[in-house]
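Chain by chain, the residues run as shown.
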Amino acid sequence: MSPSCGSREPGIAVLVALCLLRSTSPAAGAHYIRGYEGDECLTPQRVRGVCLVIGKCPSLLNLVSQRPSQQNLAFLNTLRCGFSGSVPIVCCTDGVSGQSTTVQRPPHTAPTSSSSFTRPATPTRPSSTRLTPAPTPTHRPAPPAPPVPGDVPPDVSAHPNLRLLPEDYCSPPGIDRIVGGNVTDVFAYPWIARLGYLSRRSTWRPVRYFCGGSLINSRYVLTAAHCIITQTDLYLSTVKLGEHTIDKPIDCRPGGACLPPPIDVQVEETKVHPLYDPKDVGSHHDIALARLAAPVDFLREEFVRPVCLPSSRDNQLLRLSGPLVAAGWGLTEDKEGSNALKDVLLPVMPYEQCKKVFTQPGLEKEIIPQQLCAGGVAGMDSCNGDSGGPLVLEADVGSESKQVLFGIVSFGHNECGTAGVPGVYTRVAYYMKWILDTIRP
């Protein structure tokens, strides 16, 4: 498991810098360098340098690791070129034309952000929340094993469209995801999306947000099919990214760093899984993709990142022993929920046990291997997240331990958080081939 941002062990200074720099936005009006590793750059003091990962620039790494004050971080943000995966790239002048970095620290001011996307006005405050506080997960999942004997997801390890999934910078590590009860840290879930709907009949109505989703690359959000086929006059129009507290234009840590305002991106098209049937009471194959009208610029929107998907064979066959994390605002297709983004830990219910639960009178639904059951603890269930929202678990992605999207909120009991009755989620691993077959550049 990756060390936390608070760690000060020798040898992980790059991680410390990453955590601190990722949680601080450029100051208002500040110079901000854009570039990739190896590009030439020019500091605000007109000193020539080269864009390097911060671990290769001793003077700047020393600055942040020895005295990570807000002034130092604000100064470092004026030298930031971008990210390599999840590691900051900075304009380094060490050894360039014999010059070294001159530390002229500008005053720290409230951050702002520019974007080619529309920045919305402050939305109205929704009603209530039913999320339950939960501890931070600490254990690792069990070794890979078929989730249901004789029925395993298709192997996609050689699929040509894997190149469209940004494994190097998905699910940035090293962020404390649960802070103060179950209200999440403002930087905890940079992939989470709110889905905005317009009315076909009442065209005067503003965008209304009901479902959730997860950004999986610069062009696609993964959600539930029932969030696309709404059986109402509503249609998906907009995706909002970078949101935390709905009625705040800018979200900040208490006395600390702030997020830029969220962005709205128009939806270009939607794709629902071909086997999904809205009349199916079991909500089988409840999965869909929304393609954005314009790609998210991850250099510009540095606090928006995609979530990792279970694309490796190990993660496709991982025995999910939990606990998993559901996150969202408690939004469903017909209700409103929390004002602030929250999360909750949910135990996994074994497949055979879940099937048995849904044979009880009043609960009769067929549970299939492509579904995942989690929760069943009083007060902790699928209403804790959004319809279409994420269910994640920490797993190995390449050489790092990252949050992986294993489930999509599908349905739960009418009485949220009923003891013994889990929420049901679409199991993403089984649909990786469909996802990869569907997405395009």
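All figures in this text were calculated on a predicted structure; none of them were measured in a lab. (Residues numbered from 1 in each chain as written. Predicted model: local features only at pLDDT ≥ 70, side-chain atom pairs only at ≥ 80, totals over all residues. Heavy atoms only, no water.)

1. Examining the pairing of strand β11 (residues 324-328)
Where burial is concerned, most of β11 is hidden: five out of the five residues are buried. Because side chains alternate across β11, one face comprises the buried residues L324, A326 and G328, and the other comprises V325 and A327, equally buried. Relative to strand β12 (residues 342-346), β11 runs antiparallel, the two being bridged by five bridges. Among the inter-strand pairings, A327 is bridged to a residue of β12, identified as D343. Bridge analysis of β11 against strand β15 (residues 390-397) gives two bridges, and the strand direction is antiparallel. Note on β15: the bridge partner recorded for A326 is L391. (Buried < 20%, exposed > 50% of the residue type's maximum accessible area, 1.4 Å probe, protein only. Helix = DSSP H or I, 4+ residues; strand = E, 2+ residues; numbered from the N terminus. Pairing = 2+ DSSP bridges.)

2. Examining the environment of L309
Along the polypeptide, L309 turns up in the loop between β10 (288-292) and α4 (313-316). Considering only alpha carbons, one finds L309 and C170, 139 residues apart in sequence, at a separation of 8.6 Å. Not counting residues up to four positions away in its chain, the partners in contact with L309 are L165, I216, L222, V404, L405, V428, M432 and I435. (Contact = heavy atoms within 4.5 Å.)

3. Remarks on the state of the cysteines
All chains considered together, the criterion is met by six disulfides. Through a disulfide, C57 is tied to C92; the S-S separation comes to 2.2 Å. The chirality of the disulfide connecting C57 with C92 is right-handed, given an S-S dihedral of about 85°. Of the two residues, C57 sits in the loop between β2 (48-53) and α2 (58-66) while C92 sits in strand β4 (residues 87-92), which places them 35 residues apart along the sequence. (Disulfide = S-S within 2.5 Å.)

4. Things to note about the sheet that holds strand β16 (residues 400-411)
Spatial ordering of the open sheet is given by β12-β11-β15-β16-β17-β14-β13, a layout of seven strands whose pairing is antiparallel. Every other strand in the sheet has two partners, leaving β12 and β13 (348-349) as the edge strands with one partner each. Where β16 meets strand β17 (residues 422-427), four bridges bridge the pair, whose relative direction is antiparallel. By the bridge assignment for β17, V409 is matched with Y425.

5. Description of the pairing of strand β6 (residues 208-215)
Two faces belong to every sheet, and in a regular strand the side chains alternate between them. The buried fraction of β6 amounts to seven of the eight residues, a majority that puts the element mostly inside the structure. For strand β5 (residues 192-199) and β6, the ladder comprises five bridges, and the chain directions are antiparallel. Counterpart to I192 in the pairing with β6 is S214. Judged from the two bridges that link them, β6 and strand β7 (residues 220-223) form a sheet pairing that is antiparallel. Paired with L215 across the two strands is V221, which belongs to β7.

6. Some words on the environment of D94
Residue placement: D94 occurs in the loop between β4 and β5. Sequence separation between D94 and G49 is 45 residues; the distance between their C-alpha atoms is 7.5 Å. In this structure the side chain of D94 is engaged in a polar contact, spanning 2.7 Å, whose partner is the side chain of S59. (Polar contact = N/O pair within 3.5 Å; in protein donor to acceptor, adjacent residues only side chain to side chain.)

7. Some points on the nonpolar core
Core analysis: the biggest nonpolar cluster contains 56 residues, and L222, L241, L309 and I435 have the highest contact counts within it. By size, the runner-up hydrophobic cluster in this structure holds 19 residues, among which are C308, L391, L393 and F406. (Core = buried A, V, L, I, M, F, W, Y, C linked by side-chain atoms within 4.5 Å.)

8. Points about the packing of aromatic side chains
Inspection of every chain in the model, using the stated rule, returns five aromatic pairs. Of note, R194 hangs over the ring of Y209, and the distance from its end group to the ring centre comes to 4.3 Å. The aromatic ring of W329 is capped on one face by R194, whose charged end is 5.7 Å from the ring centroid. (Phe/Tyr/Trp six-rings, centres within 6.5 Å; stacked < 30°, edge-to-face > 60°. Lys NZ or Arg CZ within 6 Å of the ring centre and 35° of its normal.)

9. A look at the confidence of the model for the protein chain
The predicted coordinates ought not to be read in detail in places where the model reports low pLDDT. Of the residues in the protein chain, 69% reach a pLDDT of 70 or more, and the chain-wide mean stands at 76. Here residues 98-150 is a poorly scored stretch, pLDDT under 50, and it has 150 contacts once near neighbours within four places are set aside; other chains count. Predicted confidence for residues 176-181 stays below pLDDT 50, and this span has 19 contacts to residues more than four positions away or in other chains. (pLDDT = per-residue confidence, 0-100.)

10. Structural notes on the sheet that holds strand β9 (residues 263-272)
Judged by pairing direction, the barrel is antiparallel, and its six strands sit side by side in the order β5-β6-β7-β10-β9-β8 before closing back on the first. Across the sheet, the mean angle separating the axes of adjacent strands is 45° when strand polarity is ignored. Where β9 meets β10, five bridges bridge the pair, whose relative direction is antiparallel. The residue of β10 that forms the bridge with V267 is L292. (Axes fitted to C-alpha atoms, helices over the stretch in contact; angles between N-to-C directions.)

11. What to know about the side chain of S401
For S401, the location among the structural elements is in strand β16. A distance of 2.9 Å separates the side chain of S401 from the side chain of E394, its partner in a polar contact.

12. Let's talk about the pattern of salt bridges
This structure, assessed with the given rule, holds nine salt bridges. A salt bridge links E268 to R219; its shortest N-O distance comes to 3.4 Å. Note that E268 is positioned in strand β9 and R219 in the loop between β6 and β7, a separation of 49 residues in sequence. Assessed through its relative accessible area of 42%, E268 is described here as partly exposed. On the accessibility criterion, R219 (13% relative accessible area) is buried. As a salt-bridge pair, R440 and E268 come within 3.6 Å of each other at their nearest N and O atoms. With R440 in the segment after α6 (432-438) and E268 in strand β9, the pair connects residues that are 172 residues apart, well separated along the chain. Because the salt bridges share partners, they merge into one network encompassing R219, E268, E269, R291 and R440. (Salt bridge = Lys/Arg side-chain N within 4 Å of Asp/Glu carboxyl O.)

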